[in-house]
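Below, each chain spelled out in residue letters.
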Amino acid sequence: MSANDSLPDDVETLKAMLIAAQAACLEAQAKARNAEAEALARALLIEQMKFTIAKLRHERFGQSSERGAVLEQLELRLADMEEDASEAEAAAQMAAEAAAREKIEVQAFHRRKPARRPLPEHLPRKRIVYPGPSSCPCCGGVLHKLGEDVTETLELIPRQWKVIQHVREKFSCRSCEKITQPPAPSHPIARGRGGPGLLAHLLFAKYGLHLPLHRQSNVYAREGIDLDVSTLADWVGACAATLMPLVETIRAHVFAAERIHADDTTVPVLAKGKTRTGRLWTYVRDDQPFGGSDPPAAAFFYSPDRAGEHPEQHLASYAGLMQADAYAGFNRLYEANRKPGPIVEAACWAHARRKFFDLARLNKAPIAIEAVERIDALFAIEREINGAAPQERVRVRNERSRPLVGALEAWLRERRAKLSGKSETAKAIDYNLKRWAAFTRFLDDGRLCMSNNAAERAVRCIAVGRKNWTFAGSDEGGRRAAAIYTLIESAKLNDIDPQAWLADVLARLPDHPAKRIADLLPWNWRAQNLAAKAA
């Protein structure tokens, strides 16, 4: 029986069937067009979002939190949009397949596929060869291999736990009956059962990935390893004590610099029945903007409050240039009769710009908008001379930046004279004019930057961690956090993997000569590894 035999002979019935089929086809085509239009709009919005994110990433100067918050939200939104696009594409594809089964042609929308980068070459490869037929499926003839098509997928193998047995065999002498045995190997923690790799992972997960110990304990339990939070806490404390010589060496390196960046941020500290606000301070050495060859590093300190005595204690041995915000607690450091010498203040233009930026963004204030544009012109010059020698930076600044700074000062004073002292714009202008000498100091010293962004980037890890671990358990916990942050952030500044470095250092430190502690510093460790790989 043919398909035509199943059709009714009645003309009216045939017309009704044809009209219904046409209506179904038109409806399916309309749905397809709507899906295509929505997907096209979504793809366009995704491309715009990617452009905005790329633009923000290329901006090296400016207020960090203002860019960071926007960038973080854009990236989260972009991930959601791409997930929505993929889901819509899959739904359209399934609808097209269903329509095809009903013999209704619907053209599915094909979203432009992103260019795929090749998978990393250094990863091991496992070949899974699918066996072909032993003979030709058409004629039964003998087959000869012409080639092969290889499709690669990236797979994750769960980490492995293992117990390392340190075996020390005993030997006895048949002549004198003396028993001989190799000495016990050193361990990162005395009488501790955690290996250096596990301890490094524990430290980096807590302070680098912001995972509290109870979360780590839960993860280990799901993997079949029972490690109580109290055990993990003991290991963290013992590691901090073991690594303290390295922390002190990094701090000494930071304060031997000609110029440092300084900043601080809050950290909630658990107290009796409540939390109180402590502070984590950072001092960053980074000579790369003026072509310096000394390695960068960051030193962190903890204090229970923000009293000025704490930075005075931290900087007791330092004299030189310091880029910082307008914190009043630093004022005694800038006194001319200070011992061992005065610290020269260099104000942060990013802070100055931030006050105008907020007014421009919220109130659309014309003066604030123009102030931001004028400051951005100075930052554009700084981007061009980043990494140049101090003399070259001063030359360019005298030639191009100094006229702009002079015009900005005159313009600010002119606008300030016409404003009420209670206006927010006037307050923003006063913030700059009262510290004009500190703001313009970068024009005469090529070692200075326009902003304090190096320190603000260093404390960003603490701000992220606050969302997870909520508070430090005590003042001692805050000091321990400062020590580990010193290690992790200094490793990151020198472009090395903090976890790999900590694992190697913890394994070597117990038997390492104290006089050669500098060999384990991140930049020296990196140089040794590169030399070993090249050999």
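In what follows, the structure referred to is the one given above.
Here's a quick rundown of the structure. (Residues numbered from 1 in each chain as written. Predicted model: local features only at pLDDT ≥ 70, side-chain atom pairs only at ≥ 80, totals over all residues. Heavy atoms only, no water.)

**A short note on the overall build of the protein chain**
Thinking step 1. Helix and strand counts for the protein chain come out as 15 helices and seven strands.
Thinking step 2. For the protein chain, restricting intrachain contacts to residue pairs at least 6 apart in sequence, the fraction spanning at least 24 positions comes to 64%.
Thinking step 3. Roughly 32300 Å² of accessible area belongs to the protein chain as shown, and the carbon and sulfur atoms make up 54% of that amount. (Helix = DSSP H or I, 4+ residues; strand = E, 2+ residues; numbered from the N terminus. Contact = heavy atoms within 4.5 Å. Areas by Shrake-Rupley, 256 points an atom, 1.4 Å probe, with all protein chains shown as cover.)

**Some thoughts on the packing of helix 4 (residues 213–222) against helix 5 (residues 229–254)**
Thinking step 1. Axis separation between helix 4 and helix 5 bottoms out at 9 Å; the angle between their running directions is 120°. It follows from the interaxial angle that helix 4 and helix 5 lie oblique. For the crossing formed where helix 4 meets helix 5, the hand is right-handed. Of helix 5, the residues touching helix 4 (which contributes Leu-213, His-214, Gln-216, Ser-217 and Tyr-220) are Val-229, Leu-232, Ala-233 and Val-236. (Axes fitted to C-alpha atoms, helices over the stretch in contact; angles between N-to-C directions. Parallel < 35°, antiparallel > 145°, perpendicular 65-115°, else oblique. Left-handed = near helix turned anticlockwise from the far one by under 90°.)

**Considering unusual backbone geometry**
With the exception of glycine, most residues fall at negative phi, and the peptide bonds are largely trans.
Thinking step 1. With omega at 5°, the peptide bond leading from Lys-339 into Pro-340 counts as cis.
Thinking step 2. Turning to its location among the elements, Pro-340 is positioned in the loop between strand 6 (321–324) and strand 7 (344–347).
Thinking step 3. The residue Asp-495 is not glycine, and still its phi comes out positive at about 60°.
Thinking step 4. Looking at the element boundaries, Asp-495 is found in the loop between helix 13 (475–493) and helix 14 (498–508).

**As for the sheet that holds strand 7**
Thinking step 1. Across the sheet, five strands lie side by side as 5-4-3-6-7; this open sheet has mixed pairing. Of all the strands in the sheet, just strand 5 (297–303) and strand 7 have a single pairing partner and so form its edges. The sheet shows a mean angle of 30° between the axes of neighbouring strands, direction not considered.
Thinking step 2. With four bridges connecting them, strand 6 and strand 7 associate as parallel partners. When the sheet's bridge partners are listed, Ala-324 is paired in strand 7 with Ala-347. (Pairing = 2+ DSSP bridges.)

**Brief notes about the environment of Leu-443**
Thinking step 1. Here Leu-443 lies in the loop between helix 11 (436–439) and helix 12 (453–469).
Thinking step 2. Along the chain, Leu-443 and Val-396 lie 47 residues apart, while their C-alpha atoms are 9.2 Å from each other.
Thinking step 3. Sequence-distant contacts of Leu-443, defined by excluding residues within four places in its chain, comprise Val-394, Arg-397, Asn-398, Ser-401, Arg-402 and Val-405.

**Considering the side chain of Arg-259**
Thinking step 1. Its place among the elements puts Arg-259 in strand 3 (residues 259–271).
Thinking step 2. For the buried residue Arg-259, which engages in no salt bridge, the nearest side chain bearing the opposite charge is Asp-287, 5.0 Å off.
Thinking step 3. There is a polar contact of 3.3 Å between the side chain of Arg-259 and the side chain of His-261.
Thinking step 4. Among the polar contacts made by the side chain of Arg-259, one reaches the main-chain carbonyl oxygen of Arg-447 at a distance of 2.7 Å.
Thinking step 5. With residues up to four places along the chain from it excluded, the contact list for Arg-259 reads Val-284, Asp-286, Pro-289, Phe-290, Tyr-318, Leu-321, Gln-323, Arg-447, Leu-448 and Cys-449. (Buried < 20%, exposed > 50% of the residue type's maximum accessible area, 1.4 Å probe, protein only. Lys, Arg positive; Asp, Glu negative; His and termini not counted. Salt bridge = Lys/Arg side-chain N within 4 Å of Asp/Glu carboxyl O. Polar contact = N/O pair within 3.5 Å; in protein donor to acceptor, adjacent residues only side chain to side chain.)

**Points about the packing of aromatic side chains**
Thinking step 1. As enumerated under the stated definition, the model contains 14 aromatic pairs in all.
Thinking step 2. With 5.3 Å between their ring centres and 80° between their planes, Trp-161 and Tyr-220 make a pair best called edge-to-face. Separated by 59 residues along the polypeptide, Trp-161 in the loop between helix 2 (64–101) and strand 1 (171–172) and Tyr-220 in helix 4 bring together distant segments of the chain.
Thinking step 3. Overall, Trp-161 belongs to the partly exposed group, its relative accessible area being 30%.
Thinking step 4. For Tyr-220, a relative accessible area of 1% gives the class buried.
Thinking step 5. In textbook terms, an aromatic cluster arises when at least three aromatic residues are bridged by ring pairs, as seen for Trp-349, Tyr-431, Trp-436, Phe-439 and Phe-442.
Thinking step 6. Above the ring of Tyr-207, the side-chain terminus of Lys-206 is found at 5.2 Å from the ring centroid.
Thinking step 7. Sitting over the face of the ring of Tyr-327, Arg-306 holds its NZ or CZ atom 4.1 Å from the ring centroid. (Phe/Tyr/Trp six-rings, centres within 6.5 Å; stacked < 30°, edge-to-face > 60°. Lys NZ or Arg CZ within 6 Å of the ring centre and 35° of its normal.)

**Some remarks on the environment of Gly-308**
Thinking step 1. In this structure, Gly-308 sits in the loop between strand 5 and helix 6 (309–314).
Thinking step 2. Here the alpha-carbon distance between Gly-308 and Leu-333, two residues 25 residues apart in the chain, equals 9.4 Å.
Thinking step 3. Residues in contact with Gly-308, not counting those within four places in the same chain, are Tyr-327 and Gly-329.

**Quick notes on helix 8 (residues 366–385)**
Thinking step 1. In this model, helix 8 (20 residues) spans 30 Å end to end at C-alpha, consistent with the 28 Å of a helix rising 1.5 Å per residue.
Thinking step 2. Buried within helix 8 we find Ile-367, Ala-368, Ala-371, Val-372, Ile-375, Leu-378, Phe-379, Ile-381, Glu-382 and Ile-385.
Thinking step 3. The inward-facing, buried residues of helix 8 contact helix 7 (349–362), helix 9 (390–416) and helix 10 (424–433).
Thinking step 4. Note on helix 8: the residue one or two positions beyond its end, Gly-387, has a positive phi of about 90°. (Expected span 1.5 Å × (residues − 1).)

**Some thoughts on the pattern of salt bridges**
Thinking step 1. Evaluation of the coordinates by the stated rule reveals 30 salt bridges.
Thinking step 2. Among the ionic pairs, Lys-145 bridges to Glu-148, the shortest N-O distance being 3.3 Å.
Thinking step 3. Judged by its relative accessible area of 68%, Lys-145 falls in the exposed class.
Thinking step 4. Here Glu-148 falls in the partly exposed class, since its relative accessible area comes to 45%.

**Quick notes on the packing of helix 3 (residues 196–208) against helix 13**
Thinking step 1. Close contact between helix 3 and helix 13 brings their axes to 10 Å; oriented N to C, the two are set at 100°. What the angle tells us is that helix 3 and helix 13 run roughly perpendicular. Counted together, Leu-203, Phe-204, Tyr-207 and Gly-208 of helix 3 and Arg-480, Ala-481, Ile-484, Tyr-485 and Ile-488 of helix 13 form the full contact between these two elements.
Thinking step 2. Split into classes, the residues belonging to the contact of helix 3 with helix 13 amount to seven nonpolar, one polar and one charged. (Nonpolar A, V, L, I, M, F, W, Y, C, P; charged D, E, K, R; others polar.)

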